[in-house]
There are 4 protein chains.
Amino acid sequence: MQHSDSSRLKHKIHEIIFEADTPEGKAFDVILLLLIAASVLTVTLESVEHLQQRYATVFTIVEWIFTVFFTLEYLLRLYCVLRPMKYATSFFGIVDLLAILPSYLALFLPTAQYFLIIRAFRLIRIFRIFKMAHFINEGDIIIQALRASRAKITVFLTFVSLLVIIIGAIMYLIEGGTNDGFSSIPRSIYWSIVTLTTVGYGDITPLTGLGQFISAIVMILGYAIIAVPTGIVSAEFVREYRNNKATTQACRYCGKEGHDHDAIHCKYCGEVLNL
Amino acid sequence: MQHSDSSRLKHKIHEIIFEADTPEGKAFDVILLLLIAASVLTVTLESVEHLQQRYATVFTIVEWIFTVFFTLEYLLRLYCVLRPMKYATSFFGIVDLLAILPSYLALFLPTAQYFLIIRAFRLIRIFRIFKMAHFINEGDIIIQALRASRAKITVFLTFVSLLVIIIGAIMYLIEGGTNDGFSSIPRSIYWSIVTLTTVGYGDITPLTGLGQFISAIVMILGYAIIAVPTGIVSAEFVREYRNNKATTQACRYCGKEGHDHDAIHCKYCGEVLNL
Amino acid sequence: MQHSDSSRLKHKIHEIIFEADTPEGKAFDVILLLLIAASVLTVTLESVEHLQQRYATVFTIVEWIFTVFFTLEYLLRLYCVLRPMKYATSFFGIVDLLAILPSYLALFLPTAQYFLIIRAFRLIRIFRIFKMAHFINEGDIIIQALRASRAKITVFLTFVSLLVIIIGAIMYLIEGGTNDGFSSIPRSIYWSIVTLTTVGYGDITPLTGLGQFISAIVMILGYAIIAVPTGIVSAEFVREYRNNKATTQACRYCGKEGHDHDAIHCKYCGEVLNL
Amino acid sequence: MQHSDSSRLKHKIHEIIFEADTPEGKAFDVILLLLIAASVLTVTLESVEHLQQRYATVFTIVEWIFTVFFTLEYLLRLYCVLRPMKYATSFFGIVDLLAILPSYLALFLPTAQYFLIIRAFRLIRIFRIFKMAHFINEGDIIIQALRASRAKITVFLTFVSLLVIIIGAIMYLIEGGTNDGFSSIPRSIYWSIVTLTTVGYGDITPLTGLGQFISAIVMILGYAIIAVPTGIVSAEFVREYRNNKATTQACRYCGKEGHDHDAIHCKYCGEVLNL
């Protein structure tokens, strides 16, 4: 029965670490997320020079506590999962490994420790917790809406990319000679992206009258074409909602869903709907 | 009958101060709002140095007139309300108290007076006046649309938060050494928020070619993903409007819904609707 | 018959100057708009110092040609219109007068001539030309959509106004002492508007860590709440379109329009719709 | 049969160069696009001074390889197309010619080579490749939505143009004297476009209190009226989607339309749809 005990233990650990259905599993996930957030905060604060100078030892100790905990957690995951290789090569498996490696690498390579910020990726697990609530459905709707408009967004981004290259080249020809900001075409393209997206740093600005005139057109263009992705995604959400609205009643005969509110007959089998 | 008189007086004051249904109540609310606006303006102008130097005495006198008036108003509210403790601990009760306290505190603590700007919160009462008009309904629709999209907005904001942390960390690794603007990860995260939201102050800008390339991607990302919250809220408003338009009345004969507000006959069976 | 001749002449001039239905009227309007545009361009270029120094005489002559023409046009409008006082006190009448006055005033007051830019307002007449095409209908839809969402936009703008005052005051308390940009509450409010609307000049930027943290929140807020007016107006346009869509078929019995596409019976009189 | 052979060869070349239906045609288009992208990248990098200084010879050689290839391609297109003049004067024909001319002109005019960036326009051919996939349909929907809202967008842009001229003139009158940034009306108009579109470079910023107050209004205006084009295009996409979804097929028995694409039976009478 030893095997069975071990198997049961594995199963129990798996339930706690990988699932979030049981109270223990949920508690583990919440604690894990808080620890990840705390470790991300530590790396973040460590990069602030005057804090690093004062609390160097504290940071090192805290860092190693997190590393030891995350290493144990990684080993436990490998132990309890049915197919360890599949987990180790999955997205989360690689992220989990990358989140602890820099600490050990930093023993030999001092600059490696900043790669610990990779731990921020582990925060994506937060969406796993959302699974418990109704958030997963909402997240799905967003992803579905974006996936449905993928092709349109691709066409739009291709168009925008061509536009910024051409605008960048034109501005290079106009401002290139007199304005240090437009010293090369790549810089001019960078400027045209900064302008078209209405970010507008102001680190590079047109100085000639003609350059300012073309800039003005680019700005109005950028101000207007933001309507395109927005319109695409809005329409997709409206469609998503309308379909969602229709899914409430299922046909008694063929069991299919998706009927409009004013439908009298099932649109799949022709039988009268549940009146 | 003295008790009854006092009670009637209390009721009358309550009606004037707390309600906005009677002409007196409405007038009181309008005057109160104007006084609050004037007092907010006073605190605002008081912070402008050259005005403060010239009109110090005027500001002090005006300030105390407002304080005395608001103190009287607060005491009257406490007097006429049925359950004073409930009012005193409510949101508006606390705001009303905080709006007068700094004046008295400033007698001992000179810098305390700037907290008088808390009075700006009292302007939220303006939405109470809106109650009189059709504004309340409109405000309700906005709040309902935002509440309905709360879960989606939360998912979106979580995603954006992770994104800016990761982008900030990447930019710190790239620009950190050579660019004073990216001297720490928190500053880099601040930059990535400034860029992703298309605010683009320009106080921190990338200087290396790679940094500018990644910035360009962040900008286009920020330019594109604004479509997500916009799409969510738009779709919610469209749904809100459609529901408002249609769901209220059902035909007595065929039971069908979805009739317009101006419909007299059922559009499916032709029978007269519930008149 | 002299009276009749004069009346016919008046009528003819009125038709040419005020209407755009006849070929002459249309031609007059197009020429007038080109002249207005040219005069606006003249005033604009006149303000550029190095052009003013070189072409001072040319500008003066061109300016007076426009002024004489617009004066004649104004007098003709007064002559041919049925009720001169009504025109003179209408919006366009006042704009037309203000568009010529500065030239005469400039004889006594040199700086008055820049007010000639008021002529730009005359360009609003361009929408009169649009009347000829289908633009008027499109413009109407925009105005209707904005008018329908007026109340919601008012609530939204009130909320935004309160928000920027409170954010401005908070930032003044945080950054005020150490940062020259936040030297007074009005300046801090100006900064919070610059930030919330994602304009982001960068003339005033937070320097403290806490200030940058709050700025980041303001930016994300501004990035997110743009969804509210956009959603309101989008939903209004969707509604506008849907209503427009429904207006094609009219009931044969009662003549009323506005039926949905799936309607079998007229929703006003109950008769069967034109099948 | 020689003629027929030549004709067949022409036809074969035409199929490869102009069409993307056959494997060879598709391969040719993909290779051509990669070459165009590579040549655009070369021109782009050539403009970076320190790269130009080190790799001048490499750039020249690579440039001429591209030019020779594109020249051959252009001649082949002229040879195999049925009506050479029609191609030569078409949009793509002119772009193809302009994409090779600067190289030859640069033999006499050194600065001419930067016009090679015109090659970027050739990248528009990428949308031809999209034809193979479902992208063409998606691109069509975008273009249709924009075309349908053309009139509304025109009205909106006319309004925005008038607005920025008037705001520019007002700011010139206010800030003109004291602020170098507002030294002329054209510059002030440039500023008002930078502000209204929420780009906000910060190269020109208001300094007076009144100027900042008006700027704040312009920003909030720009923040709010972005809702108009967004709303127009969103509504157009919603309409586009609804039409796409529904209007294609009518029931043979009851004649009703509005069926979903996956419907087998009419949802009103239950009869089988046109299979």
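Residues numbered from 1 in each chain as written. Chains lettered and ligands numbered in written order. Predicted model: local features only at pLDDT ≥ 70, side-chain atom pairs only at ≥ 80, totals over all residues. Heavy atoms only, no water.

Another aspect to go through is the overall build of chain A. Counting its regular elements, chain A contains 13 helices and 0 strands. In sequence order, chain A lays out its α and β elements as α-α-α-α-α-α-α-α-α-α-α-α-α. Looking at chain A residue by residue over its 275 residues, the buried ones come to 50%. Put simply, of all contacts in chain A between residues at least 6 apart along the chain, 54% involve residues at least 24 apart. On chain A, roughly 13300 Å² of surface is accessible, and the fraction owed to carbon and sulfur atoms is 67%. (Helix = DSSP H or I, 4+ residues; strand = E, 2+ residues; numbered from the N terminus. Buried < 20%, exposed > 50% of the residue type's maximum accessible area, 1.4 Å probe, protein only. Contact = heavy atoms within 4.5 Å. Areas by Shrake-Rupley, 256 points an atom, 1.4 Å probe, with all protein chains shown as cover.)

For the rest of this paragraph, the subject is the interface of chain C and chain D. Contacts between chain C and chain D engage 49 residues on the former and 47 residues on the latter. Together, the buried faces of chain C and chain D total about 4200 Å²; carbon and sulfur atoms form 75% of this surface. Applying the counting rule to chain C against chain D returns 5 residue pairs in polar contact (both at pLDDT 80 or more). Among the elements of the structure, α2 (23-46), α7 (119-122), α8 (126-130), α9 (135-148), α10 (150-175), α11 (185-196), α12 (209-225) and α13 (227-246) of chain C are those that each provide at least two residues to the side of chain C that touches chain D. A per-element tally of the side of chain C that touches chain D places α13(C) first, with 9 residues. Taken together, the residues of the side of chain C that touches chain D break down into 33 nonpolar, 10 polar and 6 charged. (Buried area = accessible area lost by both parts, 1.4 Å probe. Polar contact = N/O pair within 3.5 Å; in protein donor to acceptor, adjacent residues only side chain to side chain. Nonpolar A, V, L, I, M, F, W, Y, C, P; charged D, E, K, R; others polar.)

A few words on the side chain of C:S39. All names here are of chain C. Looking at the secondary structure, you find S39 in helix α2. The class of S39 is buried, set by a relative accessible area of 0%. If near-sequence neighbours (up to four positions away) are discounted, S39 is found in contact with F66, F70 and R119.

Attention shifts here to the environment of B:V30. Residue and element names in this part refer to chain B. With respect to the element layout, V30 can be found in helix α2 (residues 23-46). Owing to a relative accessible area of 36%, V30 belongs among the partly exposed residues under this scheme. Sequence separation between V30 and I118 is 88 residues, and the spatial gap between their C-alpha atoms is 19 Å.

Turning to the pattern of salt bridges, a few remarks are in order. Applying the stated rule across the entire model yields 12 salt bridges over all chains. We note a salt bridge from D:R77 to D:D96, for which the minimum N-O separation is 3.8 Å. With D:R77 in helix α3 (residues 49-80) and D:D96 in helix α5 (residues 91-98), this residue pair connects regions lying 19 residues apart in the sequence. Take D:R77 and D:D96: they sit in the same class, and that class is buried. Through salt bridges with shared partners, a single ionic network connects A:E73, A:R77 and A:D96. (Salt bridge = Lys/Arg side-chain N within 4 Å of Asp/Glu carboxyl O.)

Within the structure shown, the criterion is met by 24 aromatic pairs over all chains. Taken together, a centroid distance of 6.2 Å and an interplanar angle of 15 degrees make the contact between C:F66 and C:F70 stacked. Placement of both C:F66 and C:F70 in helix α3 (residues 49-80) is noted, with a separation of 4 residues, approximately one turn of the helix. An angle of 70 degrees between the planes, with centres 5.6 Å apart, marks the rings of D:W64 and D:Y104 as edge-to-face. Note that D:W64 is positioned in helix α3 and D:Y104 in helix α6 (residues 101-105), a separation of 40 residues in sequence. D:Y104 sits in the partly exposed class, given a relative accessible area of 31%. It is D:K10 that lies over the ring of D:Y79; its NZ or CZ is 5.5 Å from the centre. (Phe/Tyr/Trp six-rings, centres within 6.5 Å; stacked < 30°, edge-to-face > 60°. Lys NZ or Arg CZ within 6 Å of the ring centre and 35° of its normal.)

This brings us to helix α5 (residues 91-98) of chain B. All names here are of chain B. Every buried residue belonging to α5 is among G93, V95 and D96, and all of these are buried. Projection of α5 onto a plane perpendicular to its axis shows the buried side chains occupying an angular sector of 165 degrees, all on one side. If you follow the buried residues of α5, they end up packed against α3 (49-80), α4 (84-88) and α7 (119-122). (Arc of directions from axis to C-beta.)

The subject of this paragraph is the side chain of C:E73. Residues and elements named next belong to chain C. Tracing the sequence through the fold places E73 in helix α3. The buried category is assigned to E73, whose relative accessible area is 4%. Setting aside chain neighbours within four positions, we find E73 in contact with F28, L32 and R122.

Residue and element names in this part refer to chain C. Mapped onto the secondary structure, L101 falls in helix α6 (residues 101-105). When its relative accessible area of 36% is taken as the criterion, L101 is described as partly exposed. Taking the C-alpha atoms as reference, L101 lies 9.0 Å from F115; in sequence the two are 14 residues apart.

Nonpolar side chains collect at one region of the surface, where A:I94, A:L97, A:L98, A:L101, A:Y104, A:L105, A:L107, A:F108 and A:L109 lie side by side and expose about 840 Å² of accessible area between them. You can see A:L109 is positioned in the loop between α6 (101-105) and α7 (119-122). (Patch = residues over 30% accessible without salt bridge, like charges linked within 9 Å, V, L, I, M, F, W, Y side chains within 5 Å.)

Predicted confidence across chain A gives a mean pLDDT of 81, with 82% of residues reaching 70 or more. Model confidence for chain A, summarised as mean pLDDT per element, is weakest for helix α8 (residues 126-130) of chain A at 62 and strongest for helix α11 (residues 185-196) of chain A at 93. (pLDDT = per-residue confidence, 0-100.)

This part takes up the packing of α11(A) against helix α12 (residues 209-225) of chain B. Where α11(A) contacts α12(B), the axes come no closer than 9 Å and their chain directions differ by 25 degrees. As the angle between them shows, α11(A) and α12(B) are arranged roughly parallel. The crossing of α11(A) and α12(B) is left-handed. Note on element contacts: α12(B) touches α11(A) through B:Q212, B:S215, B:A216, B:M219, B:I220 and B:Y223, opposite A:R187, A:Y190, A:I193, A:V194 and A:L196. Class assignment for the residues of the contact of α11(A) with α12(B) results in 8 nonpolar, 2 polar and 1 charged. (Axes fitted to C-alpha atoms, helices over the stretch in contact; angles between N-to-C directions. Parallel < 35°, antiparallel > 145°, perpendicular 65-115°, else oblique. Left-handed = near helix turned anticlockwise from the far one by under 90°.)

Right, let's get into the relation of the copies chain C and chain D. Taken as rigid bodies, chain C and chain D are interconverted by a rotation of 90 degrees and an axial shift of 0.0 Å, the fit giving an RMSD of 0.1 Å. Viewed as a symmetry operation, the transformation between the two copies matches a four-fold axis. When you check the interface residues of chain C against chain D, a mere 18% turn up at the interface there too, and the two sides of the contact use different surfaces. (Least-squares fit on C-alpha atoms with pLDDT ≥ 70 in both.)

In this structure, A:F237, B:F237, C:F237 and D:F237 are the most contacted members of the largest nonpolar core, which totals 249 residues. Look past the residues within four positions of B:F237 in its chain and what remains in contact with it is B:I141, B:I142, B:A145, C:K152, C:V228, C:G231, C:I232 and C:A235. (Core = buried A, V, L, I, M, F, W, Y, C linked by side-chain atoms within 4.5 Å.)

Residues and elements named next belong to chain B. Along the chain, K10 turns up in helix α1 (residues 2-18). Of the residues examined, K10 reaches a relative accessible area of 31% and is grouped as partly exposed. K10 sits 150 residues away from V160 along the chain, and the two C-alpha atoms are 52 Å apart. The residues contacting K10, other than those within four sequence positions of it, are Y79 and C80.

Most peptide bonds are trans, and most residues other than glycine sit at a negative phi. Here the phi dihedral of A:T198 falls at roughly 60 degrees; this positive angle occurs in a residue that is not glycine. Inspection of the secondary structure puts A:T198 in the loop between α11 and α12 (209-225).

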